[in-house]
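Survey of secondary and tertiary structure
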Amino acid sequence: NAGVMQNPRHLVRRRGQEARLRCSPMKGHSHVYWYRQLPEEGLKFMVYLQKENIIDESGMPKERFSAEFPKEGPSILRIQQVVRGDSAAYFCASSHSGVGGNTIYFGEGSWLTVV
Amino acid sequence: EDQVTQSPEALRLQEGESSSLNCSYTVSGLRGLFWYRQDPGKGPEFLFTLYSAGEEKEKERLKATLTKKESFLHITAPKPEDSATYLCAVSGGGADGLTFGKGTHLIIQP
């Protein structure tokens with residue numbers, strides 16, 4: 001069952017380090033989304049990508065955060081110079097086509113802890 | 001701006017005790033309403049998509065319904081394994097991302 005694959009599942013970084021989270025979409029899916037879930041808060045949309053294109057990054061913090069989905073390989077969410085407030089669960093999701101009513105499927109998440 | 005409010009925040013039921021979870025939403029141009037189940041330490045697991053008022057979908061002990069302002073997730077004769085957080089989300093308003101509610105934490109006691 002080739003679902004959405006994320007790694008690492010758990011990541012610990014010291015303040016100021018970089019975190020890289022990887023996501024391989026479900027087989028046959030070319031649309032990738034990243035969401036963040038902070039403790040006691042709901043899932044928040046961050047960014048929507050297709051191969052080699054960022055379609056919507058309206059939910060991404062303006063600084064330190066970037067995302068890519070290269071022609072080959074997984075999608076990457078990169079957080080530079082991490083701070084304690086970046087500690088959260090980061091979920092990747094994918095869909096066969098754009099969101100507009102199409103179901104998106106989530107991975108198991110990457111839990112980032114900043115110490 | 002799209003908004004989703006789920007109630008109650010938490011619900012404790014006895015095994016076999018049926019109930020409903022509510023999802024109220026505000027969105028310009030609903031393209032879909034989604035229900036997910038999330039277990040601790042896991043990602044959201046897709047349950048249902050509803051597209052228009054009056055639509056209903058069922059899966060085992062769960063039934064989702066949709067009106068123009070809210071959706072209900074009815075759970076019939078629940079079992080302890082139905083314990084989870086149930087998330088509601090909407091797609092609409094031209095946005096690419098889903099807008100999620102904070103979820104209802106459901107506990108089914110044996």
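Structural notes, computed from the coordinates. Predicted model only: the values in this text are computed from it and were never measured. (Residues numbered from 1 in each chain as written. Chains lettered and ligands numbered in written order. Predicted model: local features only at pLDDT ≥ 70, side-chain atom pairs only at ≥ 80, totals over all residues. Heavy atoms only, no water.)

**Let's talk about the overall build of chain B**
Where we set the bar: By the criteria applied, helices consist of DSSP H or I runs no shorter than four residues and strands consist of E runs no shorter than two, each listed in order from the N terminus. All radius of gyration figures rest on C-alpha atoms, and the globule criterion is 2.2 Å times the number of residues raised to 0.38. Whether a residue is buried, partly exposed or exposed follows from its accessible area with a 1.4 Å probe, protein chains only, as a fraction of its type maximum: under 20%, in between, or over 50%, in that order. For this analysis, residues touch if any pair of their heavy atoms sits within 4.5 Å. Each accessible area is a Shrake-Rupley result for a 1.4 Å probe, and residues are judged covered by the shown protein chains and nothing else. Within this scheme the basic residues Lys and Arg register as positive and the acidic residues Asp and Glu register as negative, but His and the chain ends are omitted. Where a charge lies is defined by one atom per residue type: Lys uses NZ, Arg uses CZ, Asp uses CG and Glu uses CD.
Of regular secondary structure, chain B possesses 0 helices and 11 strands. Reading chain B from its N terminus to its C terminus gives the helix and strand order β-β-β-β-β-β-β-β-β-β-β. Against the compact-globule benchmark of 13 Å for 110 residues, chain B has a radius of gyration of 13 Å, which places it among compact chains. Structurally, chain B occupies a C-alpha span of about 45 × 30 × 20 Å along its principal axes. Considering chain B as a whole, with its 110 residues, one finds that 44% of them fall into the buried category. When contacts within chain B are restricted to residue pairs at least 6 apart in sequence, long-range pairs at least 24 apart make up 55% of them. Summing over all exposed atoms, chain B offers an accessible surface of approximately 5300 Å²; the carbon and sulfur share of this is 47%. Each charge class in chain B was averaged separately, 12 positive and 15 negative side chains, and the resulting centres sit 1 Å apart.

**Considering the state of the cysteines**
Residues and elements named next belong to chain A. As a reminder, the rule being used: Count a disulfide wherever a pair of cysteine sulfur atoms falls within 2.5 Å.
Tallying each qualifying case throughout the model produces 2 disulfides over all chains. For Cys23, the disulfide goes to Cys92, at an S-S distance of 1.8 Å. Its S-S torsion of approximately -60° makes the covalent link between Cys23 and Cys92 left-handed. One end of the pair, Cys23, is in strand 3 (residues 19-24); the other, Cys92, is in strand 9 (residues 88-95), with 69 residues separating them in the sequence. Summarising the burial analysis for this pair, Cys23 and Cys92 share the class buried.

**Overview of the sheet that holds strand 3 of chain A**
Residues and elements named next belong to chain A. Spelled out, the test is: By the convention used here, strands pair only if DSSP detects at least 2 bridges between them. Interaxial angle, 0 to 180 degrees, is taken between N-to-C directions of lines fitted to C-alpha atoms, where a helix line uses only the stretch in contact.
The sheet built from 4 strands is open, its strands ordered 1-3-8-7 with antiparallel pairing. At either margin of the open sheet sits one strand with a lone partner, and together these are strand 1 (5-7) and strand 7 (65-68). Between one strand and the next, the sheet's axes are offset by a mean angle of 15°, whatever the strand orientation. In this sheet, strand 3 lies alongside strand 1 in antiparallel orientation, the contact comprising 3 bridges. Directly across from Met5, in strand 3, lies its bridge partner Ser24.

**Observations regarding the pattern of salt bridges**
Applicable threshold: A pairing counts as a salt bridge when a side-chain nitrogen of Lys or Arg comes within 4 Å of a carboxyl oxygen of Asp or Glu.
Applying the stated criterion across every chain, the model contains 8 salt bridges over all chains. Across the pair Glu55 of chain B and Lys57 of chain B runs a salt bridge whose closest N-O atoms are separated by 3.8 Å. A salt bridge links Asp82 of chain B to Arg61 of chain B; its shortest N-O distance comes to 2.8 Å. Of the two residues, Asp82 of chain B sits in the loop between strand 8 (70-75) and strand 9 (84-92) while Arg61 of chain B sits in the loop between strand 6 (56-59) and strand 7 (62-66), which places them 21 residues apart along the sequence. When its relative accessible area of 7% is taken as the criterion, Asp82 of chain B is described as buried. Here the residues in one salt-bridge network are Glu18, Arg20 and Arg78 of chain A, joined through shared partners.

**Section: the layout of surface pockets**
Rules: Cavities and pockets are defined on a 1 Å grid built over the protein atoms alone: a cavity is a set of grid points where a 1.4 Å probe fits but cannot escape, while a pocket is an open set with protein on both sides within 12 Å along at least five of seven lines, and lining residues are those with an atom within 4 Å of any such point. Grid points are joined across faces, edges and corners, and a volume is the space filled by probe spheres set on the points. In this count, Pro and Cys sit with the nonpolar residues alongside Ala, Val, Leu, Ile, Met, Phe, Trp and Tyr, while Asp, Glu, Lys and Arg are called charged and the others, Gly among them, polar.
If you add up the space inside the largest pocket, you get close to 1100 Å³. Along the wall of the largest pocket there are 42 residues; nearest its centre are Glu41, Gly42 and Leu43 of chain A together with Gly101 and Lys102 of chain B. Breaking the lining of the largest pocket down by element, the ones donating at least two residues are strand 5 (43-50), strand 9 and strand 11 (110-114) of chain A together with strand 1 (3-7), strand 9 and strand 10 (99-100) of chain B. The dominant element in the lining of the largest pocket, judged by the number of residues it contributes, is strand 1 of chain B, at 4 residues. Residue composition of the lining of the largest pocket, by class: 15 nonpolar, 16 polar and 11 charged. Considered as a void within the structure, the second largest pocket measures approximately 160 Å³ in volume.

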